[in-house]
Amino acid sequence: MKMASNSATSLFLTLFLIIQCLSLLTAAQDFDFFYFVQQWPGSYCDTKQSCCYPKTGKPASDFGIHGLWPNNNDGSYPSNCDSNSPYDQSQVSDLISRMQQNWPTLACPSGTGSAFWSHEWEKHGTCSESIFDQHGYFKKALDLKNQINLLEILQGAGINPDGGFYSLNSIKNAINSAIGYTPGIECNVDESGNSQLYQVYICVDGSGSNLIECPVFPRGKCGSSIEFPTF
């Protein structure tokens, strides 16, 4: 009887440890909201590092998607959550033309975009698998791009990609007026050392359904007046 009792105790402890490990794995994939990030190609290219156009040719003079990133309210974020779920282009074959247009790669050497999309899925997308499969993840980002036309919003406020300088507040206010929420703005620096509009962060709730006010903004410094370069 004592041996049976010991076996039961051992089995219970093993099950308890398995449950604890599973709960830790699940917790590691929890997140609070998404950053939907769009970048201005003129600012990506106007740096010392420069850029390479994709094999499909020069992208449109428009904001392109960088990614849809699960994030936490404290500013931390999960990444690379499922090594058993690699990017599979066959799962998004009906979206490729939209991705080439709205989610182009500018990295060197020139590519098709698949390496960029693979990175975004494996680093960020796999952490949202409780909500989106691969097709749903990429489609959601594309649909958000359609919903939030940043270039149209800014041009409607007289803010144009003409190499001019605009106040950071005017850019934020224009976007806030259009979508009802304050964006996060990230700048980079051109070859002359000027602060320029690089990326715009819009926050989406944890279900991926609704725009929300950002619980935390990305780190990064912008001048009070920033350049909006041509492309």
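Quantities reported herein were computed from a predicted structural model and do not represent experimental measurements.

### Here we look at the layout of surface pockets
And step 1. In this structure, the largest pocket occupies an estimated 230 Å³ of space.
And step 2. Lining the largest pocket we find Tyr-35, Trp-69, Asn-71, Asp-74, Gly-75, Tyr-77, His-124, Tyr-201, Val-216, Phe-217, Pro-218 and Arg-219.

### Some words on the pairing of strand β1 (residues 33–39)
Every other side chain in a regular strand lies on the same face of the sheet, so the side chains alternate between the two faces.
And step 1. Across the seven residues of β1, seven count as buried, placing the element largely inside the fold.
And step 2. Here β1 shows two buried faces, one formed by Phe-33, Tyr-35, Val-37 and Gln-39 and the other by Phe-34, Phe-36 and Gln-38.
And step 3. Sheet analysis places β1 next to strand β5 (residues 195–205), joined by seven bridges and oriented antiparallel. Looking across to β5, one finds that Gln-39 is bridged to Gln-199.

### Some details on the packing of aromatic side chains
Two descriptors summarise a pair of aromatic rings, namely the distance from one centre to the other and the angle between the planes of the rings.
And step 1. A complete count under the given rule lists 14 aromatic pairs for this structure.
And step 2. Measuring from ring centre to ring centre gives 5.9 Å for Phe-34 and Phe-132, while their planes differ by 45°; the resulting arrangement is tilted. One end of the pair, Phe-34, is in strand β1; the other, Phe-132, is in the loop between α4 (114–123) and α5 (134–147), and 98 residues separate them in sequence. We note that Phe-34, like Phe-132, is buried.
And step 3. Ring plane angle 35° and centroid distance 6.5 Å describe the contact between Trp-121 and Phe-138, whose orientation is recorded as tilted. Linking Trp-121 in helix α4 with Phe-138 in helix α5, this pair joins segments that are 17 residues apart in sequence.
And step 4. Taking the relative accessible area as the measure of exposure, Trp-121 reaches 0% and is therefore buried.
And step 5. An aromatic cluster is defined as three or more aromatic residues linked by ring pairs; in this entry it consists of Tyr-87, Trp-103, Trp-121, Tyr-137 and Phe-138.
And step 6. Of note, Lys-58 hangs over the ring of Phe-231, and the distance from its end group to the ring centre comes to 4.6 Å.

The rules behind these values
- Residues numbered from 1 in each chain as written.
- Predicted model: local features only at pLDDT ≥ 70, side-chain atom pairs only at ≥ 80, totals over all residues.
- Heavy atoms only, no water.
- 1 Å grid on protein atoms, 1.4 Å probe; cavity = no way out; pocket = protein on both sides within 12 Å on 5 of 7 lines; lining within 4 Å.
- Points joined across faces, edges and corners; volume = space filled by probe spheres on them.
- Buried < 20%, exposed > 50% of the residue type's maximum accessible area, 1.4 Å probe, protein only.
- Helix = DSSP H or I, 4+ residues; strand = E, 2+ residues; numbered from the N terminus.
- Pairing = 2+ DSSP bridges.
- Phe/Tyr/Trp six-rings, centres within 6.5 Å; stacked < 30°, edge-to-face > 60°.
- Lys NZ or Arg CZ within 6 Å of the ring centre and 35° of its normal.

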